[in-house]
Amino acid sequence: MSQILVATHSTLAEGFAQAVKFFKADADNVHFLNGYVQSQEFERELREQLDALPKGEPVVVCTDIPGGSVNQVAMKLADEYGFMLVSGVNMPFMLELAFSDDATYGALAATVANAREQLMLPLAQDVKPEAPAAKAPAAASAKSGKGKPSIVLVRADDRLIHGLVAVAWTSHLAPETILVANDAAAADDFKKNALKLAKPAGVKLFIKPVEKAAKALNNPVNDGKRIFVVTQTVEDAERLYSLLDDAHKFSKLNIGTAGVNKKPGEKYVAIIPQVYTTAEEFAAAKKLHDAGVNVFGQANPTLEKADFAAIEHALN
């Protein structure tokens, strides 16, 4: 028998597991892990779940958002633990998997194909898909067409692109391009592939070292484009700012670091729920604030927002 572990953001995983057991009461091989609910240490929690599974049986790990933070951690551990990994799961997939006795990649591929076909508009079969309408902010940008690149936001996030960035912030900002400015990611093929997997449809993605990202933003060929810049740290954001010429400097920095990838020995202070910073990151944030940048902390555009004064208060 294969062991099935569904891991998602929030409590969706538990919902999947409970729904599967509604249809198959003896599905004792279905386990769940609610990501980032009890703690931000998802990798540790996933390792503990995997270690607790029966030995010698095939394992299928099912995740929600392709390229999201849950999926990225699972991809990192897949070779080490030897499990099969699926992302973007839905209920038809979970049910077919739970009722299947064939735990092979071939059978899994067939289950994925069947699950794709279950997403439909059953009462509108004759309606052809329409081309997506241009978003208003992007259209306005195209009309301007001149001047500096429209850097809609710089976000410092230790996970770079994941669910919150790919879904919540991209939907809110409507950028044409996401630019990841990070030296390590630009040099790591595995990380680049994970980030590309997380990229939302209809948005261009570039992954560059900080210096090359600055050169791209300073290049007049990008003037007038709506660009969403993501760095891993506030220090990288401050470094990027220092490399931009005066005509291309950004005006807003979102500290969105969730404190998931904590550096050993660093003291992390909670600004607001899900958003942490360190004394070093605050020093970089203060430089940007003093330069006229609007620095604020916010996990996603619909949640609580902390201005620079609130960030400063949390550190003191």
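The following refers to the structure shown. (Residues numbered from 1 in each chain as written. Predicted model: local features only at pLDDT ≥ 70, side-chain atom pairs only at ≥ 80, totals over all residues. Heavy atoms only, no water.)

**Some points on the packing of aromatic side chains**
Stated precisely, the cut-off is as follows: Aromatic contacts are taken between Phe, Tyr and Trp rings whose centres are within 6.5 Å, Trp giving its six-membered ring; a plane angle under 30 degrees counts as stacked, one over 60 as edge-to-face, and the others as tilted. For every residue, the accessible area obtained with a 1.4 Å probe (protein chains only) is divided by the maximum for its type, and the residue is called buried under 20%, exposed over 50%, and partly exposed between those limits.
Under the definition given, this model contains four aromatic pairs. On the basis of an interplanar angle of 85° and a centroid distance of 5.2 Å, the ring pair of Phe22 and Phe23 is categorised as edge-to-face. Between Tyr241 and Phe250, the ring centres sit 5.1 Å apart and the planes meet at 75°, which makes this aromatic pair edge-to-face. When its relative accessible area of 13% is taken as the criterion, Tyr241 is described as buried. What makes Phe250 buried here is its relative accessible area of 4%.

**Some words on the sheet that holds strand β4 (residues 84-86)**
Which entries qualify depends on this criterion: Paired strands, in this sense, are two strands between which DSSP finds at least two bridges. Strands here are runs of E lasting at least two residues and helices are runs of H or I lasting at least four, both read from the DSSP assignment and numbered beginning at the N terminus. Angles here are taken between N-to-C directions and fall from 0 to 180 degrees, while the axes themselves are lines fitted to C-alpha atoms, restricted in helices to the stretch in contact.
Spatially, β2-β1-β3-β4 is the arrangement adopted by the four strands of the open sheet, whose pairing is parallel. Where the open sheet ends on each side, the last strands, each with one partner, are β2 (30-35) and β4. Taking the axes of each pair of neighbouring strands and ignoring which way they run, one obtains an average angle of 20° across the sheet. The pairing of strand β1 (residues 3-9) with β2 spans six bridges and is classified as parallel. Residue pairing across strands places Val6 opposite Phe32, the latter belonging to β2.

**Describing the side chain of Asn254**
Note the following rule: Counted as a polar contact is a pair of N or O atoms within 3.5 Å, where, for protein atoms, one must be capable of donating a hydrogen and the other of accepting one, and residues adjacent in sequence contribute only when both atoms are in side chains. Note on contacts: a residue pair is in contact if any heavy atoms of the two residues lie within 4.5 Å.
Relative to the assigned elements, Asn254 resides in strand β9 (residues 252-255). Since its relative accessible area comes to 0%, Asn254 is described here as buried. A distance of 3.1 Å separates a polar side-chain atom of Asn254 from the backbone oxygen of Gln298. Filtering out sequence-adjacent residues up to four positions away, Asn254 remains in contact with Leu153, Val154, Arg155, Ala156, Trp169, Phe296, Gly297 and Gln298.

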